Amino acid sequence: MWRTIQINEQSAEPLYHQIEVQLRALIVSGQLGEGTLLPSIREFAQQLKCSVITIRRVYQDLEAQGLLRTKQGTGTFVAKVDATDRDRHRLESVIQALDEAVAAARRVQCSDDELQQLFLDALKRHNGET
Amino acid sequence: MEDQDWVVQLKGVKLSREHFQLGPLHLQVPQGYITAIVGPNGSGKSTTFRMLLGISKPDEGEVEVLGQQVQPETDVGYKRGIGYLQEESQAFQNSMRAREKADFARMWHPEWDINRYRELVRLFDIDDSLRLGKMSKGMRRKFELALALAHDPKLLLLDEPSSGLDPIAWRTMIDVLHRHMERGDRTILMASHIVEEVKRLADYIVFMIHGQVMGVFEKDELFRSWQCLYVRASAADVRWEELPGFSSREPAGGDSVKLITSEASEAELWLQERDITIQARHVLELDDILAELVALRALRSPSRMKGV
């Protein structure tokens, strides 16, 4: 499942952040279940063609957030995420994506009304109403 | 790189030859990582390797490898912890069969692992009954690499490792090297000018130009911080040279300017403060960055460079 993680080299967003957001989403959505063994830092780095420093940072961040745990000598596993935490994490990434959308709108001087309309249009599109 | 153990340390190393001046060189190579030295031909990469092995003696400065000061009277035992793939194969060994060379290496290395050697020979599809001089360039390269790896060296020195390898062998090599690093305490120091190889392998990148280290960078940070930005140049009074990390500028057609910076996020803020819109951006490839550094070095004194 972790193999679905992709990075965009042209993005201004730091690599560790791109990876962290995607890995967190896989965990909180339950696509990577509790106890799943993640690849070693070196293997993950090889797969994504990034440095082990970046992957170590991702693992450390997610460990600090209680989403991963590392057993010395065996590897890094997906931790047990309880329901309330999962809910919080689940919405966190959505809130962040919305923040980014608002920032993108501001950059092109999009008004609040326009933005709300765009949001409703997007919802409709995804619900197959248009 | 705090709390780091250094496998290689060069302090104020200088070496002068008739047509070549190396240093003063300061370099630290961290344990557990792959560090790639990148630089134009003749910038001192191979000489640096030879100094680590005590083959070339610096005129000044200190060389420390695997915790051992390398000096003329140094016990050569530390070299057992090193695997070395040199740039050119040795012509005097041409009549030697590959297996004989392997047997010789085995006598020298107590940690020689015959199973690992056989596995590498199989992985790389090497016929080690051949004489070295009869092997194709690629097979000889693969054999030398297998030999450098078979005693599971703490420090692996690779000088242009992929030279002569076909794409399949190249992929095998990348994989083998990553697996060698898997346990986390092994170190690779490599010299390469193959962009893709450095991208696939390196954790840290060292730029070495004309015998000088022009900075050590974490790979992903390096690629994020060097960017090419296209902006409108209608504001005539902007002093582009003051852009953070400014490296170069050239007209990009119409009233657009192409700017290259080594501090992309700071540069972006700087442009924002001046109400200058970024029209397009892209990250630089390793060879682009190297070319910028070579040009910068020609322009100004190296002491002004960030990261030195």
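Residues numbered from 1 in each chain as written. Chains lettered and ligands numbered in written order. Predicted model: local features only at pLDDT ≥ 70, side-chain atom pairs only at ≥ 80, totals over all residues.

**A closer look at the interface of chain B and chain A**
Interfaces are often sized by the amount of accessible area the parts lose when they come together.
Moving on, step 1. Of the residues lining the interface, 14 residues belong to chain B; the matching set on chain A comes to 13 residues.
Moving on, step 2. Elements represented by at least two residues in the side of chain B that touches chain A include exactly α5 (167–181), α6 (195–201), α7 (219–225) and β14 (278–283) of chain B.
Moving on, step 3. The element that contributes the greatest number of residues to the side of chain B that touches chain A is α7 of chain B, accounting for 4 residues.
Moving on, step 4. Taken together, the residues of the side of chain B that touches chain A break down into 4 nonpolar, 2 polar and 8 charged. (Contact = placed C-beta atoms within 7 Å. Helix = DSSP H or I, 4+ residues; strand = E, 2+ residues; numbered from the N terminus. Nonpolar A, V, L, I, M, F, W, Y, C, P; charged D, E, K, R; others polar.)

**Notes on the sheet that holds strand β12 (residues 246–251) of chain B**
Two modes of strand pairing occur in sheets, parallel and antiparallel, and in both the strands are linked by backbone hydrogen bonds.
Residues and elements named next belong to chain B.
Moving on, step 1. Across the sheet, which stays open at both edges, the 4 strands sit in the order β12-β13-β11-β14 with antiparallel pairing between neighbours. The strands lining the two open edges of the sheet, one partner per strand, are β12 and β14. Each strand of the sheet is rotated relative to its neighbour by a mean of 20°, with strand direction disregarded.
Moving on, step 2. The pairing of strand β11 (residues 227–232) with β14 spans 5 bridges and is classified as antiparallel. Each bridged residue has a counterpart across the sheet, and for Q227 the counterpart in β14 is V283.
Moving on, step 3. Across the sheet, helix α8 (residues 264–273) touches β11, β13 (256–261) and β14, and the angle it forms with β11 is around 10°. (Pairing = 2+ DSSP bridges. Axes fitted to C-alpha atoms, helices over the stretch in contact; angles between N-to-C directions.)

**Considering the sheet that holds strand β8 (residues 187–191) of chain B**
Residues and elements named next belong to chain B.
Moving on, step 1. The sheet built from 6 strands is open, its strands ordered β6-β7-β8-β3-β9-β10 with mixed pairing. Of all strands in the sheet, those with a lone pairing partner are β6 (82–85) and β10 (212–218), marking the two edges. For this sheet, the mean angle separating the axes of adjacent strands, direction not counted, is 15°.
Moving on, step 2. Relative to β10, strand β9 (residues 204–209) runs antiparallel, the two sharing 5 bridges. Looking across to β10, one finds that I205 is bridged to F217.
Moving on, step 3. Packing against the sheet, helix α1 (residues 45–52) makes contact with β3 (34–38), β7 (155–159), β8 and β9, and its axis sits at approximately 150° to β7.

**Some remarks on unusual backbone geometry**
Moving on, step 1. Omega for the peptide link from G23 of chain B to P24 of chain B comes to 5°, which places this bond in the cis form.
Moving on, step 2. Tracing the backbone through its elements, the reader meets P24 of chain B in strand β2 (residues 20–30).
Moving on, step 3. In the Ramachandran plot, Q109 of chain A falls in the positive-phi region, its phi being about 55° despite a non-glycine side chain.
Moving on, step 4. In this structure, Q109 of chain A sits in the loop between α4 (83–107) and α5 (112–126).
Moving on, step 5. Taking the number of C-beta atoms within 10 Å as the measure of exposure, Q109 of chain A has 7 and is therefore exposed.
Moving on, step 6. With a phi close to 60°, D125 of chain B is a non-glycine residue in the positive phi region.
Moving on, step 7. For D125 of chain B, the position within the fold is in the loop between α3 (114–123) and α4 (137–149). (Buried ≥ 20, exposed ≤ 12 C-beta atoms within 10 Å, placed from the backbone.)

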